[in-house]
Amino acid sequence: MTINKERIYKMGLPLIFLAGAAFFLMWEHDDNPRNDKQEYYHHTGKVFGTYYNIRYSSTKDYEKEILEKLADFDGSMSTFNPQSTISLINTNQSDTTDFYFEQMYAVAQEVSILSNGAFDITVASLVNAWGFGFRNKETVTPELIDSLRGLVGYKSISVNNHKLSKNDSRTMIDASAIAKGQACDVVAQLLTNKGCKNMLVDIGGEVVCKGVSDSGKPWRIGITKPQDDPTGTNTDLQEVISSTDLCMATSGNYRQFYYDGDIRRSHTIDPRTGYPAESDILSATITAPTCMLADALATACMVLGSDSALAMIDNIPDANAYLICSVADKDTMIVITTPNFPINKQ
Ligand code: ADP
Ligand code: MG
């Protein structure tokens, strides 16, 4: 058999031309010409004095957009940023609220009601006095605590027409117990809007996950063992949760604490007494429809103690708790969960 090289050559040219044109059209219509394959991106860094650890699958790298969103959020909610909305409100330079502030305020007030005042964003002066806030620690005396308690009370602030009013101008707001969870929701929403289906957004231990990890399996999220860890380096886990759709937050008393003589002072303050909370809960992990709600509820549980915490969580649709508690002799830990907490049932 003879091969007609000239014929192949003549047919080949138009074919090469057609293939080239098709490639050109594809190139022209692809938003992201260099990478049309989904791949997992991973960004880590520091934000609001803590870390972020964000993974997602996409055809495009969204690090720039994520950082812009976090900077935006910081400009609203960070008490360490002197020009943020919350700082201007705390120093009475402004009473104007913004979107993130109002979103935070609505959930914070809801959780204050649900927890009978155990959660309270007006606790800032007490948090600062005990040395856990955005201002220097003060010499704590019962008189000081009594006077600061007068500045605390979620019912003494309100928001109307994008303005915050305070009964006492010295009242300050601390959103640390809710803002990390809110920031997770904000980043997860950004990625969802970009079309991402698989993501894990972890900001300082509060987590939103959706879809699957790069192994093709559900995300695995650890709950840290509550052992004293002031440097934040403990990696011992109490439990690992696998999930394809979760908003989860943990509050604990094992990282932010100090000893005042023999008394252990930890960073969750009971607004009703003015003193650091002394409940039986060592760590409270909450799942809820949003990470912001989970974050606020976790802090509320730390103040309430296990009995009242479980009663509160039972009344909130789609919220669940995993509480690690100390029993009487303080050397033994027990875990109490609500029935639907998503522990992996083997
Ligand atoms: P973490 O996730 O680091 O354990 P939380 O979410 O529990 O932290 O937030 C603790 C922070 O919240 C404290 O450092 C303080 O700034 C603030 N805070 C302390 N007590 C309360 C309270 N009762 N209600 C609201 N915020 C509080
Ligand atoms: Mg919290």
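What you see is a predicted model; the values in this text were computed from it and never measured. (Residues numbered from 1 in each chain as written. Chains lettered and ligands numbered in written order. Predicted model: local features only at pLDDT ≥ 70, side-chain atom pairs only at ≥ 80, totals over all residues. Heavy atoms only, no water.)

**Student:** Provide a residue-level description of the coordination of the magnesium ion (ligand 2), including the pertinent values.
**Tutor:** Around the magnesium ion (ligand 2), the donor atoms from the protein are A177 (O), D295 (O), D295 (OD) and T299 (OG1), and they sit 2.0 to 2.5 Å away. One chain supplies every donor for the magnesium ion (ligand 2), spaced along it as A-x117-D-x3-T. Within this pair, D295 and its partner T299 are both found in helix α8 (residues 291–304), separated by 4 residues, close to a single helical turn. Like T299, D295 is buried. (Donors = N, O, S within 2.8 Å, 3.2 Å for Na, K, Ca; no water. Helix = DSSP H or I, 4+ residues; strand = E, 2+ residues; numbered from the N terminus. Buried < 20%, exposed > 50% of the residue type's maximum accessible area, 1.4 Å probe, protein only.)

**Student:** Give me the lowdown on the environment of T50, citing residues and values where you can.
**Tutor:** Looking at the element boundaries, T50 is found in strand β2 (residues 50–58). Classification of T50 as buried rests on a relative accessible area of 15%. Between the alpha carbons of T50 and G204 there is a distance of 5.4 Å; along the sequence they are 154 residues apart. Ignoring sequence-local partners within four residues, the contact set of T50 consists of G45, K180, I203 and G204. (Contact = heavy atoms within 4.5 Å.)

**Student:** Any chance you could break down the packing of helix α2 (residues 63–77) against helix α4 (residues 99–114) for me, citing the residues and the numbers?
**Tutor:** Contact geometry for α2 and α4: axes closest at 8 Å, N-to-C directions at 65°. As far as their axial angle goes, α4 and α2 are roughly perpendicular. Crossing of α2 over α4 shows right-handed handedness. The segment α2 lies against α4, with K69, D72, F73, S76 and M77 engaging Y100, F101 and M104. (Axes fitted to C-alpha atoms, helices over the stretch in contact; angles between N-to-C directions. Parallel < 35°, antiparallel > 145°, perpendicular 65-115°, else oblique. Left-handed = near helix turned anticlockwise from the far one by under 90°.)

**Student:** Account for the pairing of strand β10 (residues 257–260), naming residues and giving values.
**Tutor:** By the bridge criterion, 4 bridges tie β10 to strand β11 (residues 263–266) in an arrangement that is antiparallel. Of the residues in β11, the one forming a bridge with F257 is S266. Hairpin remark: β10 followed by β11, antiparallel, with 2 residues in the connecting loop; positive phi at G261, about 65°. (Pairing = 2+ DSSP bridges.)

**Student:** Summarise the sheet that holds strand β14 (residues 333–337); cite the residues concerned and give the values.
**Tutor:** Read across the sheet, 8 strands follow the order β1-β2-β5-β6-β9-β12-β13-β14 without closing on themselves; strand pairing throughout is antiparallel. Of all the strands in the sheet, just β1 (39–47) and β14 have a single pairing partner and so form its edges. Neighbour-to-neighbour, the strand axes of the sheet open up by a mean angle of 10°, direction not taken into account. As paired elements, strand β13 (residues 320–326) and β14 share 5 bridges and run antiparallel to each other. Residue C325 lies in a different strand from β14, and its bridge partner there is I334.

**Student:** So what about the site of ligand 1? Which residues, and what values?
**Tutor:** Close to ligand 1 lie 20 residues, the nearest being A118, D174, S251, I269 and T299. A distance of 2.5 Å separates an oxygen atom of ligand 1 from a polar side-chain atom of D174. Within the backbone of G252, a nitrogen or oxygen atom sits 3.4 Å from an oxygen atom of ligand 1. Compared with its free state, where it exposes 580 Å², ligand 1 has 91% of that area covered by protein. Mapped onto the shell around ligand 1, the elements with two or more residues apiece are α7 (176–193), β9 (245–252) and α8. Here the shell around ligand 1 is composed, by residue class, of 8 nonpolar, 7 polar and 5 charged. (Near = heavy atom within 4 Å. Polar contact = N/O pair within 3.5 Å; in protein donor to acceptor, adjacent residues only side chain to side chain. Areas by Shrake-Rupley, 256 points an atom, 1.4 Å probe, with all protein chains shown as cover. Nonpolar A, V, L, I, M, F, W, Y, C, P; charged D, E, K, R; others polar.)

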